[in-house]
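The chain contents come next:
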Amino acid sequence: MTTLTADSADRPTMTPLTALTCPLDAQPLVRDGQSWCCADGHRFDIARQGHVNLLPVQRKRSLDPGDSKAMVSARQRLFALGGYQPLAAALASRVLALALAAAQTSQAPLAVLDAGCGEGFYLRQLACAAGEQNLSLTAAGLDISKHAVLAAAKQSRDAAWLVGTNAALPLEDACVDVVICAFGFPVWQEFARVLKPGGHVVLLEAGAEHLLALRKILYRELKPARGEAGLSAAESAGFTISGEVEHLHAGLSLTSNEQIRDLLTMTPHLYRAERDGLARAEAMTALEVELHAELRVFSLEDAQDKA
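(A) Summary view of the pairing of strand β7 (residues 137-143). The element β7 is extensively covered by neighbouring structure, given that 7 of its 7 residues are classed as buried. Taking every second residue as pointing to the same face, both faces of β7 are buried, with Leu137, Ala139, Gly141 and Asp143 on one and Thr138, Ala140 and Leu142 on the other. Across 3 bridges, strand β1 (residues 14-16) lies against β7 in parallel orientation. Bridged to Pro16 within β7 is Ala139. With 6 bridges joining them, strand β6 (residues 110-115) and β7 adopt parallel strand pairing. Bridging from a neighbouring strand, Leu110 pairs with Leu137 of β7. Once the chain exits β6 it traverses helix α3 (residues 121-132) before rejoining the sheet at β7, and the crossover so formed is right-handed. In the sheet, β7 pairs with strand β8 (residues 160-163) via 4 bridges, with the strands oriented parallel. Bridged to Leu142 within β8 is Leu162.

In structure tokens form, the structure reads like this:
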């Protein structure tokens, strides 16, 4: 799964995953100049920034699904403050541990899909960490938001940046080693389809204390954490949890009203919170918030092992 040869530092840390399929008929896509084409003649042009839209209109629930341009911009500014860096580092460390554990069985680069990649923050951090260990990746980042994928493509052309949906991944069967899903929407049956036998999903989800200080301002009554109730779908798709859940904690210092508004804009709380709670938050000029995430690894059972 992972390249560990002496000359690996001379090669790109991350290169684009090319095992793409047509979102209309699931046939393999082949690069033809500045387009990706299938045997039935469906053609998907590569944008000037390097990304490609593989989200057909019939799979859209709105004209502009996913995060808005304002949400993407706000998230980029918040990520630049560094508070989310420990979460990204922990996710990268877990992925690379999986890669190193499998290095004895394969010398191919680790194939990674970031499902719900946003503006590419977590995938870029993974690439940086891989480079420090002289490991190679072949990667795709996919998001339903065209604004998020555009922002990702503007920052890096080393991955295949795709507008698409987790509900119908435009990727070939059994083409990736690891799926990462950070604060996203896992679709376990699709993850199982695109993973190689024995592959893994590394899932990063909000914990019970995530943004607790902000939520206390926004809501009169806090909803309980989801817990593990949503994990049964993973088991139904053939996954088992590997190891213990890792609780990650970090802090984020917001020192201006603009930063607090960015935090509101980048989260669903802007649309869910009560009006008086939003008014309280938007009037503040400083806020210390907790970042709490739960990191889990799910392994897809190898049919040979099962037999």
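Moving on from the model shown.
(B) Seen up close, the nonpolar core. With 62 residues, the main nonpolar core has Tyr84, Val112, Val202, Leu204 and Leu214 as its most contacted residues. It is helix α2 (residues 85-101) that provides the largest number of residues to this core, a total of 9 residues. Contacts of Leu204, omitting those with residues within four sequence positions, involve Leu87, Leu91, Tyr122, Cys181, Ala182, Phe183, Leu248, Ala293, Glu294 and Leu295. Core analysis: the second largest hydrophobic core is formed by 37 residues, Val52, Leu142, Cys175 and Leu231 among them.

(C) Representation of the layout of surface pockets in the model. Here the second largest pocket is characterised by a volume of approximately 270 Å³. Take the lining of the second largest pocket: its biggest share by element is 3 residues, from β8. Here the residues of the lining of the second largest pocket are counted per class, giving 12 nonpolar, 5 polar and 3 charged.

(D) Just the environment of Val194, in detail. Mapped onto the elements, Val194 comes out in helix α5 (residues 188-194). Sequence-distant contacts of Val194, that is, excluding residues within four places in its chain, are made with Leu113, Leu169, Leu171, Glu172, Asp173, Ala174, Cys175, Val176 and Val179.

(E) Highlighting the state of the cysteines. All told, the structure shown has 0 disulfides when counted by the stated rule. Distance from the sulfur of Cys22, which forms no disulfide, to the nearest cysteine sulfur (Cys38) is 4.0 Å. According to the relative accessible area criterion, Cys22 is buried, its value standing at 3%. Cys37 takes part in no disulfide bond, and the closest cysteine sulfur, belonging to Cys38, lies 7.8 Å away.

(F) The environment of Ala208, seen in detail. By secondary structure assignment, the location of Ala208 is in the loop between β10 (195-206) and α6 (212-218). Taking the relative accessible area as the measure of exposure, Ala208 reaches 42% and is therefore partly exposed. Separated by 83 residues in the primary sequence, Ala208 and Leu291 have C-alpha atoms spaced 9.7 Å apart.

How each quantity is defined
Residues numbered from 1 in each chain as written. Predicted model: local features only at pLDDT ≥ 70, side-chain atom pairs only at ≥ 80, totals over all residues. Heavy atoms only, no water. Buried < 20%, exposed > 50% of the residue type's maximum accessible area, 1.4 Å probe, protein only. Helix = DSSP H or I, 4+ residues; strand = E, 2+ residues; numbered from the N terminus. Pairing = 2+ DSSP bridges. Right-handed = clockwise from strand over helix to strand, strands pointing away. Core = buried A, V, L, I, M, F, W, Y, C linked by side-chain atoms within 4.5 Å. Contact = heavy atoms within 4.5 Å. 1 Å grid on protein atoms, 1.4 Å probe; cavity = no way out; pocket = protein on both sides within 12 Å on 5 of 7 lines; lining within 4 Å. Points joined across faces, edges and corners; volume = space filled by probe spheres on them. Nonpolar A, V, L, I, M, F, W, Y, C, P; charged D, E, K, R; others polar. Disulfide = S-S within 2.5 Å.

Interpretation note: all reported values are geometric properties and have no functional meaning in isolation.
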